[in-house]
Amino acid sequence: MQLKWLGHACFLLTTREGTKIVTDPFDATVGYPLPQVVPDIVTVSHQHFDHNAVGVLKGNPTVVEGTGARQIKGVNIRGIATFHDKKQGAERGPNTVFVIEADGIAVCHLGDLGHPLDAGKLQEIGPVDILLVPCGGTYTIDADEAAALVKAVKPRVAVPMHYKTEYLKFPITPVDNFLRYFPAAERRTVLELSPDDLPAPTAVVVLELSR
């Protein structure tokens, strides 16, 4: 499986068979260059403009929203109900965590998770190989909470997302706040993994922006 970061909470996952999955696409107002890919599947964690801009993508992808399990083009996708805030959605509404399984690898995209996960939700998510975790705070869990969640989930690889960069005007913090907890973190332009070469214990990888 190949993983690229397209900006904010948007990633491109490409399976061994060539199936392309895009997570949480954003619109032009966010500031990042718009994704120039033709995906087969798009996951949308919630209905905010920086996560649900399916219309900016090329082609006619299958859009996956909400909870439940489905299989599309040999990819298993489960949606788990969570919230965008610490008040059970009263401030910013619901959020869906997606577990995407393909090529023997489980990828968990937390969307705009706004609260710590209790034992029940961790069990519902299950074992995770790659965790895509927001860490910028304000609209999501912050760097401290994200680091604690990584340690609770114990993925083989954790990839931060939804943090302040030169492209964003959002009042969120940079990835360095999160990386204080992971001094051995590395930076890559692309992440390519198979079940046989997953690292242990948890490796933290900051992905450079792909265009």
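All figures in this text were calculated on a predicted structure; none of them were measured in a lab. Every chain's residues receive numbers from 1 upward, in the order its sequence appears when written. The predicted origin of the model limits local features to residues at a pLDDT of at least 70 and limits the giving and counting of side-chain atom pairs to 80 or more, whereas totals for whole chains, interfaces and linings rest on all residues. Side-chain numbers come from the whole structure's heavy atoms, not from hydrogens or water.

J.: How should the pattern of salt bridges be read in this particular structure?
T.: Pairing between side chains of opposite charge can happen when their charged atoms approach one another. Any carboxyl oxygen of Asp or Glu that lies within 4 Å of a side-chain nitrogen of Lys or Arg is treated as forming a salt bridge with it. A full pass over the atoms with the stated rule returns 8 salt bridges. Residue Lys-86 is joined to Glu-145 by a salt bridge in which the shortest nitrogen-to-oxygen separation is 3.1 Å. On the criterion of sequence distance, the pair formed by Lys-86 in the loop between β7 (75-83) and β8 (94-102) and Glu-145 in helix α2 (residues 143-153) is long-range, its members being 59 residues apart. Glu-91 is paired through a salt bridge with Lys-87; the nearest N and O atoms lie 3.2 Å apart. Only protein chains enter the accessibility calculation, which uses a 1.4 Å probe; a residue whose area is less than 20% of its type maximum is buried, one above 50% is exposed, and one in between is partly exposed. On the basis of relative accessible area, Glu-91 is assigned to the partly exposed category, the value being 49%. What makes Lys-87 exposed here is its relative accessible area of 53%. Working definition: helices are DSSP H or I runs of at least four residues, strands are E runs of at least two. Numbering for both runs from the N terminus.

J.: I'm lost on α2 in this one. Help?
T.: Residues lying three or four places apart along an α-helix face the same way, a consequence of the helix completing one turn every 3.6 residues. Within the sequence span of α2, burial applies to Ala-143, Ala-146, Ala-147, Leu-149, Val-150 and Val-153. Summarising the axial view, the buried residues of α2 lie within an arc of 160°, below the 170-degree limit, and thus occupy one face. Elements in contact with the buried residues of α2: α1 (119-125), β10 (130-134), β11 (157-161) and α3 (176-179). Following α2 by one or two positions, Lys-154 adopts a phi angle in the positive range, close to 60°. The arc in question is the one traced by the directions running from the helix axis out to the C-beta atoms. Contact between two residues is taken to exist if any of their heavy atoms lie within 4.5 Å; hydrogens are not considered.

J.: In this structure, what is going on with the sheet that holds strand β14 (residues 203-207)? I would like to understand it.
T.: Either a parallel or an antiparallel arrangement is found when strands of a sheet pair, and the pairing is made through backbone hydrogen bonds. A strand pair is defined by DSSP finding two or more bridges across the two strands. With mixed pairing, 8 strands are arranged side by side in an open sheet as β6-β7-β8-β9-β10-β11-β14-β12. Only two strands of the sheet have a single partner each, and these edge strands are β6 (68-72) and β12 (186-188). On average, each strand axis in the sheet is inclined to that of its neighbour by 25°, with strand direction left out of account. Pairing geometry for β6 and β7, over 5 bridges, is antiparallel. Counted as the bridge partner of Gly-68 is Gly-79 from β7. The convention used is that axes are lines fitted to C-alpha atoms, helices contributing only their stretch in contact, and that angles between N-to-C directions extend from 0 to 180 degrees.

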